[in-house]
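Descriptive analysis of the structure
The lines below spell out each chain.
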Amino acid sequence: MVLVHSTPVLTGLVTFLSVPWTTAASVIPFAEHAQVALGGSSDPSLELPQTNHPISSEDNADILTRPSWFTSTLMARRLLALSTSGVISTIFPDPLPPSDHAPASVAGLPVGLREYIADCDGALPAELSHGGNGDPTVLALRVGSTFKNIAAGSNLSLQVDWWDHLSDAGPVYPGLPPSLAALPRVTLFGYLDTLPSPLPGDAAAALEKCFVEAHPDSKVWLPGTPGSPHASFWARLVVTQAYWIGGFGDVQQIGWFNVTEWKGIRRHGSVPGVGDGRGWEDVRLPGEKEK
Ligand SMILES: *[C@@H]1O[C@H](CO)[C@@H](O)[C@H](O)[C@H]1NC(C)=O
Ligand SMILES: *[C@@H]1O[C@H](CO)[C@@H](O)[C@H](O)[C@H]1NC(C)=O
């Protein structure tokens, strides 16, 4: 048995599990997972799982340093910029409109559906753009439940995560095997801002080019495409709050971002008064290759 700093692991789990969290269900699988990973014991004196790769104290010093909040905000902005889809949560109207095919019992219930997004704010002309502040561009389908609910007045949030990168990320926590729970996720709150239709000048072509780079298939249902199977429109999510779970609480930050910093970050650098000169291009997510 190789003993590697048992305290950080325990603190991490405790911190993680005690974070006030509205969807308790998302914590439960982790708790179960953690019990297995840590030998099925809930005894606070438990030992760490056996590992063939003992982590030296030098590695520990490195891995156990929590990034600053600003660095975490850069990571989250990078995560959003690299994400081409995310789960948008909305609420079914109550009562449902008579024309709706959904069962009456889902009225008022939340529904999370994965939608296409892309980091295309920078492709918009200056008078429409939010200056590359990270507000994601959304290709909205009028027929989709997400957008019907929003049209009926629902609030929304968007969740993106780095969980598809488990195999690249490797062990991100001393003593644990590769762990999804250790990988970052961010939930953005805000509202959907419908972009003008038609977009002025060359804006439509520029936005389409950017979006189709992220989603070649979406070419078929871009707004105004002749023969498109579904009516669509361009929108953007204007972010007003952002909640971050960087991973385990003692090696990553967990909590609400400073929205001034969130909005002030650019790909390269940030607006005056925010940050330390870095932009989201200057950080890497777990398992990403360095520049
Ligand atoms: C949406 O959220 C705002 C607060 O941001 C609240 O005032 C409003 O009542 C909410 N709308 C619905 C339909 O729940
Ligand atoms: C948010 O960040 C800005 C810019 O760094 C700073 O001026 C402000 O005090 C921060 N707000 C809070 C509540 O920390």
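In short, a report on the structure. (Residues numbered from 1 in each chain as written. Chains lettered and ligands numbered in written order. Predicted model: local features only at pLDDT ≥ 70, side-chain atom pairs only at ≥ 80, totals over all residues. Heavy atoms only, no water.)

1. Section: the site of ligand 2
Surrounding ligand 2, one finds Asn 258, Glu 261 and Gly 273. Interatomic distance of 2.3 Å between a side-chain N/O atom of Asn 258 and an oxygen atom of ligand 2. In the model, an oxygen atom of ligand 2 is placed 3.3 Å from a nitrogen or oxygen of the Glu 261 side chain. In the complex, the protein chains occlude 35% of the 360 Å² of accessible area that ligand 2 would expose alone. (Near = heavy atom within 4 Å. Polar contact = N/O pair within 3.5 Å; in protein donor to acceptor, adjacent residues only side chain to side chain. Areas by Shrake-Rupley, 256 points an atom, 1.4 Å probe, with all protein chains shown as cover.)

2. Quick word on the state of the cysteines
If you walk through the whole model with that rule in mind, you get one disulfide. Covalent S-S linkage joins Cys 120 and Cys 210, the inter-sulfur distance amounting to 2.0 Å. Every disulfide takes its handedness from the sign of the S-S torsion; for Cys 120 and Cys 210 that torsion is -90°, giving left-handed. Here Cys 120, found in the loop between strand E2 (110-118) and strand E3 (137-141), pairs with Cys 210, found in helix H7 (residues 203-214); they are 90 residues apart in sequence, far enough to count as distant. Given a relative accessible area of 1%, Cys 120 falls into the buried group. (Disulfide = S-S within 2.5 Å. Helix = DSSP H or I, 4+ residues; strand = E, 2+ residues; numbered from the N terminus. Buried < 20%, exposed > 50% of the residue type's maximum accessible area, 1.4 Å probe, protein only.)

3. Some remarks on the packing of aromatic side chains
Tallied over the entire structure, the rule returns eight aromatic pairs. Ring centres 5.1 Å apart and planes at 70° place the aromatic pair Phe 211 and Trp 234 in the edge-to-face group. Separated by 23 residues along the polypeptide, Phe 211 in helix H7 and Trp 234 in strand E6 (residues 232-245) bring together distant segments of the chain. Judged on exposure class, the residue Phe 211 and its partner Trp 234 are both buried. Between Trp 244 and Phe 257, the ring centres sit 5.6 Å apart and the planes meet at 35°, which makes this aromatic pair tilted. (Phe/Tyr/Trp six-rings, centres within 6.5 Å; stacked < 30°, edge-to-face > 60°.)

4. Notes on the pairing of strand E1 (residues 85-91)
Bridge count between E1 and E2: seven bridges; the pairing is antiparallel. Its bridge partner being in E2, Ser 85 is matched across the sheet by Tyr 116. The sheet contact formed by E1 and strand E4 (residues 156-161) spans three bridges and is antiparallel. Within E4, the position partnered with Ser 89 by the bridge is Ser 157. (Pairing = 2+ DSSP bridges.)

5. Focus: the nonpolar core
Within the largest apolar cluster, 35 residues are counted, with the highest numbers of intra-cluster contacts made by Leu 158, Val 186, Leu 188 and Trp 262. For this core, the elements supplying multiple residues, two or more each, are helix H4 (69-82), E3, helix H5 (145-151), E4, strand E5 (185-194) and E6. For this core, the element with the highest residue contribution is H4, accounting for seven residues. Excluding residues that lie within four positions of it along the chain, Val 186 makes contacts with Ala 76, Leu 79, Leu 158, Gln 159, Val 160, Ala 242, Tyr 243, Trp 244 and Phe 257. Counting 15 residues, the second-largest nonpolar core is a separate cluster that includes Leu 195, Phe 211, Val 212 and Trp 221. (Core = buried A, V, L, I, M, F, W, Y, C linked by side-chain atoms within 4.5 Å. Contact = heavy atoms within 4.5 Å.)

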